[in-house]
Amino acid sequence: MKKIISLALLLCVFSFNTGFVFALDSLNDPKHPCYNEIFLNVDKYEKFNRKVFGFNLKLNRIFAKKIHILWASLFPDFVINSLNNAYSNIEYPKRLVSSLLQRDVQAAKNETKRFVINTTLGLAGLVDAADKIFHLEMYNEDMEQALAKCKMCCGNYLVLPFISSTTSRDIVGRILDFALNPTTYVASPIAAAVKMGLLINRTAYIQPMIKMVESNFVDPYDIARKFFGVEKYIKLSNYDRTSVLANLDNDYDEQDLVDNKKEDLEVKGKISGSENLILNDGVNNDLSADIFLTGYNPQNPVLDSMRTALFDLREINKSPWSEISIWNRSFNKKIKTAKIEVSKDREKYAFRYILQKNKMSPLAIIFPSVGEGINNNHSTILAKLFYDEGYSVIILGSHFQWEFLRSVDKTHNPGLIKDDVKYINLVVNNSINYLSKKYDRVFLKRTALGTSLGAYAVMFLANEQYQIGANNIDKFIAICPPYDLVYAIRQIDKIIDSWKNYPNDLRQKVAITTAKVMKAYNEKEKFNKDSNSLPFSNYEAKLISAFIFHQKLSDLLYTIETRDNPNIDKKELYSAIYTYNFEDYIKKYFLVNHSFDELSRITSFNSISNYLINSDNYRIYHSLDDYLTNKKQLKELKTLCDNKLTLFNNGAHLGFLYREEFVDELRKEIKLK
């Protein structure tokens, strides 16, 4: 579960209201696969499972979390990791027996070699010398895998007190694992204390993951079940082994190469280096880049966009202590959280902030991509860039996100920007007022920055201020805003639809893709600013992006539907949610009073053309191959903005954030005179 939930840290870019009633005639036309049903049996005991899941979360908050924080504050990270290595080494018998029962001689030999090396050279297993010196990967076998090999049925999905996600086969496997653990037979008060310490040490890692799941997903139970099902399939299929995963890649190479070639034919002028770049639609539509990303080596727009995961600053989380330790003083831990009221009788809205010691410091307000909350990594990195320049910073969540929706009036559903701006303004002003009163601050200079849909919101916020003659914010910075919202969501829907390309082996392909994401996350130190590619095929990139996009939409629809009816049958709700894409959402909530053409007109940048032409207090960054904005739209944007628009030759949608060329440009833009 640790590795699977970690992948959610990488996956993270669009969402979109009225009493939500699903059309029954669409239930046989799924727009997105139900991964729970693909990887697990039907949730026969869902009501019971949800109650126990909620109990476990409460128990964690009241009891386990406090113990884990104490433990993580007693020992630095390297001690915790060393103890985990030692405990894994002790568990050698279960991996050996499991491998032998599966008749996997290679795995048995590998684990025996690792045990001997780590017990001797690795100082009783405290150091994983087998991996560091001899590059022997641990095959994380357990007795459930042996039972599966012996054709034992998985059984129904269960959530039990203290144990959380499991199945009947998994329970039997855990009992056998316990019997094969040598520490089980050491009985003394000291040994019991040591075992308890090792158990606490081993489970401490779950706290950051629980926080991530609870803060990013509206229904933690659903997402935990998804990850459990995928994780089990990966383990049972040995996709967590590097050698197995490498061989499986070849099975899909031919089809993926065909897909890539088709897309490459549609993307013109994708080059790197200092050559001139021209994109031409054929009718006086030439457009050239302002900044060239040397050696970018584009793959395809969707995959290039995923390079945004490389946007990182190591000092953000740099600390010798665990994330939950009270001694962790990394930049991320210094950012505080506060809550404000947006609408009466609704939940208070949480935002994050970090203040300079100087009470007259300028203020930066950061708006993230679609569906992202206040804890997303990109906002933290951007906050660090501003903070280093002398700004105090406020981090907000997306207005297309479930937490935002729970804080605003029940009659509001996001999607129509002229209505959304009202609540965005409320959140901004109330956040500033809160900090001004609590800390006796005067923010004379204010800058707003957004990415993707957050950038779109920033520009319409700027237009609102321009129309009423206000000057609450001095500068606006937008990174890859969609020019036409209707066009952008149709592009996203094409990606969501891509899962149908492999209808016969979708489960296997999804598992392989997930395993590759896990591997990439665990080896993220290998990827840096010089990375010229990501280890995914075109189809895998679409699967990952489709999951992210639809999960954002799913969380929003779940919030709308349960807002007035918290006891709704969750099975029926999700059955309906999987028949919706973003265009269906628009049809449901906005075509009553508007046509698609009218929606396109009032939500596009053409509707704020007066502001774009007559103002100079903004800067827009975009790339020529952004798949959410076509070349004609970029040409129109350039005409409206002139030199206030900076174009990169590559990077697709946010895929240039990690490059020094962009970071240097942003630092110049926010540098205080």
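Quick note: structure is the one above.
Residues numbered from 1 in each chain as written. Predicted model: local features only at pLDDT ≥ 70, side-chain atom pairs only at ≥ 80, totals over all residues. Heavy atoms only, no water.

**Q** Please clarify how the sheet that holds strand S7 (residues 446-451) should be interpreted in this entry.
**A** Within a sheet, adjacent strands bond to each other through the backbone by hydrogen bonds, running parallel or antiparallel. Sheet architecture is open: eight strands sit in the order S3-S4-S6-S5-S7-S8-S9-S10, paired in mixed fashion. Both outer strands of the open sheet, strand S3 (336-340) and strand S10 (645-648), are each paired with one neighbouring strand and no more. Strand-to-strand twist in this sheet, taken as the mean axis angle between neighbours without regard to direction, amounts to 20°. Looking at chain direction, S7 and strand S8 (residues 475-479) are connected through five bridges and run parallel. (Pairing = 2+ DSSP bridges. Helix = DSSP H or I, 4+ residues; strand = E, 2+ residues; numbered from the N terminus. Axes fitted to C-alpha atoms, helices over the stretch in contact; angles between N-to-C directions.)

**Q** Sorry, what's going on with the nonpolar core here?
**A** Most often, soluble globular proteins have nonpolar side chains that are buried together. In this structure, Met 459, Phe 605 and Leu 612 are the most contacted members of the largest nonpolar core, which totals 133 residues. Counting residues per element, this core draws most heavily on helix H22 (residues 538-564), at ten residues. Apart from the residues lying within four places of it in its own chain, the contact partners of Phe 605 are Tyr 456, Met 459, Phe 460, Pro 481, Pro 482, Tyr 483, Leu 612, Ile 620, Leu 637 and Leu 640. If you look at the next biggest cluster of nonpolar residues, it comprises 24 residues, including Phe 227, Tyr 502, Val 510 and Met 518. (Core = buried A, V, L, I, M, F, W, Y, C linked by side-chain atoms within 4.5 Å. Buried < 20%, exposed > 50% of the residue type's maximum accessible area, 1.4 Å probe, protein only. Contact = heavy atoms within 4.5 Å.)

**Q** In this structure, what is going on with unusual backbone geometry? I would like to understand it.
**A** Peptide bonds are, in most cases, trans, and in most cases residues other than glycine have a negative phi. One non-glycine residue, Ala 652, lies in positive phi territory at about 50°. Locating Ala 652 in the fold gives a position in the loop between S10 and helix H28 (660-670). In the Ramachandran plot, Leu 654 falls in the positive-phi region, its phi being about 70° despite a non-glycine side chain. Summarising the element assignment, Leu 654 is placed in the loop between S10 and H28. Taking relative accessible area as the criterion, Leu 654 reaches 4% and is therefore assigned buried.

**Q** Explain the pattern of salt bridges to me, please; I cannot follow it from the model alone.
**A** Charged atoms that come close allow side chains of opposite charge to pair. Following the criterion strictly, the structure yields 33 salt bridges and no others. The partner of Glu 91 in a salt bridge is Arg 202, and the shortest N-O contact between them spans 2.6 Å. Taken together, the positions of Glu 91 in the loop between helix H4 (77-90) and helix H5 (92-101) and Arg 202 in helix H10 (residues 189-203) put the pair 111 residues apart, joining distant regions of the chain. By relative accessible area, Glu 91 is classed as buried at 9%. With a closest N to O distance of 3.3 Å, Lys 226 and Asp 222 form a salt bridge. Note that Lys 226 and Asp 222 are positioned in helix H12 (residues 220-236) at a spacing of four residues, about one turn of the helix. Each member of the pair Lys 226 and Asp 222 is classed as buried. (Salt bridge = Lys/Arg side-chain N within 4 Å of Asp/Glu carboxyl O.)

**Q** So what exactly am I meant to see when it comes to the packing of H5 against helix H6 (residues 105-120) here?
**A** Axes are the key here: two packed helices are described by the angle between their axes and the distance separating the axes. Two elements in contact, H5 and H6, have axes separated by 8 Å at closest approach and are oriented at 165°. Between H5 and H6, the angle falls in the class roughly antiparallel. Read as a crossing pair, H5 and H6 show a hand that is left-handed. Along its contact with H5, which presents Tyr 92, Arg 95, Leu 96, Ser 99 and Leu 100, the element H6 presents Ala 107, Ala 108, Glu 111, Thr 112 and Phe 115. (Parallel < 35°, antiparallel > 145°, perpendicular 65-115°, else oblique. Left-handed = near helix turned anticlockwise from the far one by under 90°.)

Everything listed here is a matter of geometry and, on its own, says nothing about what the molecule does.
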